[in-house]
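Letter by letter, the chains look like this.
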Amino acid sequence: MKNVWNRRSIRRFQKQSISQNVYWQILQAVRQPIPTENFEEIEIYSVVHDIEGISPGLYKNTHLIKAGNFREKTGYLCINQARDCAVTLFFVSDYLSYQTAMQLAGFVGQRVYLFSNYWGIDCSAIGAFYDDETQAFLETNKDVLYAMAIGK
């Protein structure tokens, strides 16, 4: 197992599945609240590509918004950075303070890195994506702040 000193972003995933248990553990860890002055919140949308026991599709938390194989779509939306991962996470917020929301997204992203590393899952943060098209795909009017790809 990798340790925290060796963790880094990965951009070449192997199109391998990850276990449902590992996925739930990572989501549970990143949903722990982080207090902020303006009580900013980050919502996480997941585009599941290949998680054992979970149907491919777009999820908000554990709620399936739309089923389907969106591997090519998320690859496109993330400027070809998330096509081969097991799941793509999008961090969304309806913030009062942009700076606070971005800091909070950074904290949540670090949690994804740490817990992914703990479970032996590779991870890559994605700051470049098509904003308006991603927002439309997620069916939200809130701002998309950040994306992350995890997998093997």
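Going by the structure above, here's the rest.
The structure contained in this document is the topic of the report that follows. The written sequence of each chain sets the order in which its residues are numbered from 1. Owing to the predicted nature of the model, reporting of local features is limited to residues with pLDDT of at least 70; listing and counting of side-chain atom pairs is limited to 80 or more, with chain, interface and lining totals taken over all residues. Side-chain numbers here rest on the full set of heavy atoms in the structure, without hydrogens or water.

Let us now look at the environment of Val 112. Here a strand is any run of E in DSSP of at least two residues, a helix any run of H or I of at least four, and the numbering for each starts at the N terminus. Considering the arrangement of structural elements, one finds Val 112 in helix H3 (residues 98–118). Exposure remark for Val 112: the relative accessible area of 0% places this residue in the buried category. Between the alpha carbons of Val 112 and Ile 150 there is a distance of 8.6 Å; along the sequence they are 38 residues apart. Classification of residues uses two cut-offs on accessible area relative to the type maximum, computed with a 1.4 Å probe and protein chains only: under 20% is buried, over 50% is exposed, and between them is partly exposed.

Moving on: the packing of aromatic side chains. When we look at a pair of aromatic rings, we describe it by the centre distance and by the angle of the planes. Stacked, edge-to-face and tilted are the three classes for Phe, Tyr and Trp ring pairs, Trp counted by its six-membered ring, which pair at centre distances within 6.5 Å; planes under 30 degrees apart are stacked, over 60 edge-to-face, the rest tilted. For the structure on display, the rule yields six aromatic pairs. Between Tyr 76 and Tyr 130, the aromatic rings sit 5.0 Å apart at their centres with planes inclined by 20 degrees, giving stacked as the arrangement. With Tyr 76 in helix H2 (residues 71–77) and Tyr 130 in the loop between strand S5 (122–126) and helix H4 (131–138), this pair connects stretches of sequence that are 54 residues apart. A relative accessible area of 36% places Tyr 130 in the partly exposed class. Considering the side-chain rings of Tyr 95 and Tyr 98, the 5.6 Å spacing of their centres and the 65 degrees angle between planes classify their relative orientation as edge-to-face. Look at Tyr 98 and you get partly exposed, because its relative accessible area is 48%. A cation sits over an aromatic face here: Lys 66 above Phe 70, 6.0 Å from the ring centre. By definition, being over a ring means that NZ of Lys or CZ of Arg is both within 6 Å of the ring centre and within 35 degrees of the ring normal.

Note on method: axes are straight lines fitted to C-alpha atoms, helices fitted across the in-contact stretch only, with angles between N-to-C directions ranging 0 to 180 degrees. At their nearest, the axes of helix H1 (residues 20–30) and H3 sit 9 Å apart, and the two run at 145 degrees to each other. Here the hand of the crossing between H1 and H3 comes out right-handed. Across the interface between the two elements, Ile 26, Ala 29 and Val 30 from H1 touch Val 108, Arg 111, Val 112, Phe 115 and Ser 116 from H3. Just so you know the grouping, Ala, Val, Leu, Ile, Met, Phe, Trp, Tyr, Cys and Pro go in nonpolar, Asp, Glu, Lys and Arg go in charged, and all remaining residues, Gly too, go in polar. A per-class count over the contact of H1 with H3 returns six nonpolar, one polar and one charged. We call a crossing left-handed when the near helix sits turned anticlockwise from the far one by less than a right angle, and right-handed when that turn is clockwise. Between two residues, a contact is recorded if the distance between any of their heavy atoms is within 4.5 Å.

Grouping buried Ala, Val, Leu, Ile, Met, Phe, Trp, Tyr and Cys residues that are joined through side-chain atoms within 4.5 Å yields what is termed a nonpolar core. Ranked by internal contacts, the top residues of the largest apolar core, which has 28 residues, are Tyr 23, Ile 44, Leu 89, Phe 91, Val 112 and Met 148. Of all the elements in the fold, those that place two or more residues in this core are H1, strand S1 (43–48), strand S4 (87–93), H3, S5 and strand S6 (143–151). Per-element accounting of this core gives the leading share, six residues, to H3. Those residues in contact with Tyr 23 that lie beyond four places of it in its chain are Ile 18, Ser 46, Val 48, Ile 51, Ile 54 and Val 87. Core analysis: the next-biggest nonpolar cluster, separate from the first, contains 18 residues, Phe 70, Leu 77, Val 92 and Ala 147 among them.

Turning next to the pattern of salt bridges. Throughout this description, the term salt bridge denotes a Lys or Arg side-chain nitrogen within 4 Å of a carboxyl oxygen of Asp or Glu. A complete count under the given rule lists five salt bridges for this structure. Salt-bridge contacts for Lys 60 lead to Glu 43; the nearest nitrogen and oxygen are separated by 3.5 Å. Residue Lys 60 is found in strand S2 (residues 57–60), and its partner Glu 43 is found in strand S1; the two are separated by 17 residues along the sequence. Notably, a salt bridge pairs Glu 72 with Arg 83, separated by 2.9 Å at the nearest N-O pair. Residue Glu 72 is found in helix H2, and its partner Arg 83 is found in the loop between H2 and S4; the two are separated by 11 residues along the sequence. When salt bridges that share partners are traced, they join Glu 43, Lys 60 and Lys 142 into one network.

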